[in-house]
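# Architecture and fold: a report
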Amino acid sequence: MSGIVVAGAGAFGTALAVALSGTREVTLWGRDGPAMARLSGTRSNPRLLAVPLPPALDVTSDPAALERADILLLAVPAQALRGFLADHAEALAEKPLVACGKGIDLETLEGPTAVIAHAIPSARPLVLTGPSFAADIARGLPTALTLACADPEEGTRLQALLSTPVLRLYRTTDLVGAELGGALKNVVAIACGACLGGGFGESARAALLTRGFAEMRRLALVCGAEDGTLMGLSGLGDLVLTAMSEGSRNYRYGLHLGRGESFEPGVTVEGAATALAAARLGQRLGIDLPVTDAVAALVEGHIDVGSAVRALLDRPLKAE
Ligand SMILES: NC(=O)C1=CN([C@@H]2O[C@H](COP(=O)(O)OP(=O)(O)OC[C@H]3O[C@@H](n4cnc5c(N)ncnc54)[C@H](OP(=O)(O)O)[C@@H]3O)[C@@H](O)[C@H]2O)C=CC1
Ligand SMILES: O=C(CO)COP(=O)(O)O
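Model, not experiment: these values are computed from the prediction.

### Description of the sheet that holds strand 1 (residues 3-7)
- Judged by pairing direction, the sheet is mixed, and its eight strands sit side by side in the order 3-2-1-4-5-6-7-8 without closing on themselves. Of all the strands in the sheet, the pair left with one neighbour each is strand 3 (58-60) and strand 8 (167-172). On average, each strand axis in the sheet is inclined to that of its neighbour by 25°, with strand direction left out of account.
- For strand 1 and strand 2 (residues 25-29), the ladder comprises five bridges, and the chain directions are parallel. Among the inter-strand pairings, Ala-7 is bridged to a residue of strand 2, identified as Trp-29.
- Of the strands in this sheet, strand 5 (96-99) and strand 6 (124-129) touch helix 6 (residues 112-119), which is tilted by about 155° from strand 6.
- Those strands touched by helix 8 (residues 152-162) are strand 4 (71-74), strand 5, strand 6, strand 7 (143-149) and strand 8, and its axis lies near 150° from that of strand 7.

Okay, structure coming up:
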């Protein structure tokens, strides 16, 4: 039996560990010793209330667990991934590292697989992504995700290992498409939330979702993604979930921006930093990303939602 370690004991890491625990040997690793001790004692994570941790799930903050792992699921936020890898480079060498975070690193403008490749060249990066709220996965509700792996044989092996009767993984070799779909949909979800929060209505939200998706594809294709991946679970699928539901933190953050309200501090909102990163990437590559640029300006407080909408409507008329 392969030992799976989920690194990052937030909502998503805990949900994945709960879902996979039972028939597999699973350890949930978190960096905060006292918090992990509490988790182990109460068998419950405050970030994922109402779902008890199964008795078989091992919970630890001991870095030796990372070294013992046969495969690691990295469920840390995108802006923390480089730091996490630097802290544990030796322990993670030569292992399959499955990036579960959704974002673009703001400093390097890289997605998680390039971040992994630069930090630990001997590791084998994979991506697990797609439409899935942590609470749904933890409660055992049916979910379908994309697993991207450059090596088809390893991808097939890990697809079987990480699938369960209710967690259905589809495989691809398109790492770039999978990671960019997951990262960029958060930016569009913020735009959609801001649209609703600003009182612009559901028709405008549908327009933003569609034009935002066109931007996602435009940027991803130039970065080397396959269009079919963007049209699948990790792109369109996750965009539909995130841009339409108050279960999404990115969407809720957008709603608050639209209403001119501040958002709960400390909540992970990947799309905020990723909007800035994607806007810079677009400039560097010469790609027109008006929705992304508007979200970046909103996040930085340079404009309000009214001006963002006016700027989008004032653009020259064009073919679809
Ligand atoms: N929540 C969801 O429904 C889903 C989330 N995701 C993605 O998963 C990723 C994580 O999100 P989520 O779990 O919800 O976020 P949370 O805010 O719930 O948790 C983030 C976790 O990452 C840990 N962490 C942060 N920095 C480091 C570090 N340098 N080293 C080790 N651990 C670190 C935090 O530890 P500490 O508490 O000590 O700061 C915390 O346990 C995001 O990219 C998100 O987009 C994907 C699908 C669904
Ligand atoms: O990625 C997610 C759903 O697939 C979770 O979205 P949020 O990070 O916006 O909550």
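There is more to say after this.
### Description of the pairing of strand 5
- Of the two faces of strand 5, the one carrying Pro-96 and Val-98 and the one carrying Leu-97 and Ala-99 are both buried.
- Here strand 4 pairs with strand 5 via three bridges, running parallel. Bridging across to strand 5, Leu-73 finds its partner in Val-98.
- The sheet contact formed by strand 5 and strand 6 spans four bridges and is parallel. From the neighbouring strand, Leu-97 faces strand 6, where its bridge partner is Pro-125.

### With respect to the domain arrangement of the protein chain
- The domain boundaries assigned to the protein chain delineate domain 1 (4-175) and domain 2 (178-314).
- On a C-alpha basis, the centroid separation for the pair domain 1 and domain 2 is 25 Å.
- Taken together, the contact pairs 27 residues of domain 1 with 26 residues of domain 2.
- Looking at the side of domain 1 that touches domain 2, the elements with two or more residues in it are helix 4 (78-87), helix 6, strand 6, strand 7 and strand 8.
- In terms of residue count, strand 7 provides more of the side of domain 1 that touches domain 2 than any other element does, four residues in total.
- In the side of domain 1 that touches domain 2, the residues fall into 15 nonpolar, nine polar and three charged.

### Quick look at the site of ligand 1
- Around ligand 1 sit 26 residues, and of these Gly-10, Phe-12, Ala-80, Gly-101 and Thr-268 come closest.
- Counting residues per element, the ones that place at least two in the shell around ligand 1 are helix 1 (11-20) and helix 4.
- Residue composition of the shell around ligand 1, by class: twelve nonpolar, nine polar and five charged.

### Overview of unusual backbone geometry
- We note that Glu-94 has phi near 65°; this positive angle belongs to a residue other than glycine.
- Relative to the helices and strands, Glu-94 resides in the loop between helix 5 (89-92) and strand 5.
- The phi torsion at Leu-109 lies on the positive side, around 60°, for a residue other than glycine.
- Inspection of the secondary structure puts Leu-109 in the loop between strand 5 and helix 6.

### Quick look at the site of ligand 2
- Neighbouring ligand 2 are 13 residues; Pro-131, Asp-238, Ser-248, Arg-249 and Asn-250 lie closest to it.
- Contributing elements (two or more residues each) for the shell around ligand 2: helix 9 (175-197), helix 12 (233-244) and helix 13 (249-259).
- For the shell around ligand 2, the leading source of residues is helix 12, giving three residues.
- When grouped by side-chain class, the residues that make up the shell around ligand 2 number four nonpolar, five polar and four charged.
- Two domains share the shell around ligand 2, each providing at least three of its residues, namely domain 1 (4-175) and domain 2 (178-314).

What counts as what
- The residue count restarts for each chain, going from 1 along the sequence in the order it is written.
- Following the order in which they are written, the chains are lettered starting with A and the ligands numbered starting with 1.
- Only residues with pLDDT of 70 or above have their local features reported here, since the model is predicted, and side-chain atom pairs are shown and tallied only from 80 upward, although totals for entire chains, interfaces and linings are computed over all residues.
- Two strands qualify as a pair provided DSSP detects at least 2 bridges between them.
- Going along the chain from the N terminus, every DSSP run of H or I of four or more residues is numbered as a helix, and every run of E of two or more is numbered as a strand.
- A fitted line through C-alpha atoms serves as each axis, taken over the contacting stretch for helices, and the angle formed by two N-to-C directions is quoted from 0 to 180°.
- Two residues qualify as being in contact provided that their C-beta atoms, derived from the backbone, are within 7 Å of each other.
- Note on burial: count the other C-beta atoms lying within 10 Å of the residue's C-beta; 20 or more is buried, 12 or fewer is exposed, in between is partly exposed, and C-beta positions come from the backbone.
- Bear in mind that the domain bounds are from an automatic or database domain assignment.
- When residue character is reported, Ala, Val, Leu, Ile, Met, Phe, Trp, Tyr, Cys and Pro are called nonpolar, Asp, Glu, Lys and Arg charged, and the others, Gly included, polar.
- The criterion for a residue being near a molecule or strand is simple: its C-beta atom, placed using the backbone, must lie within 6 Å of it.

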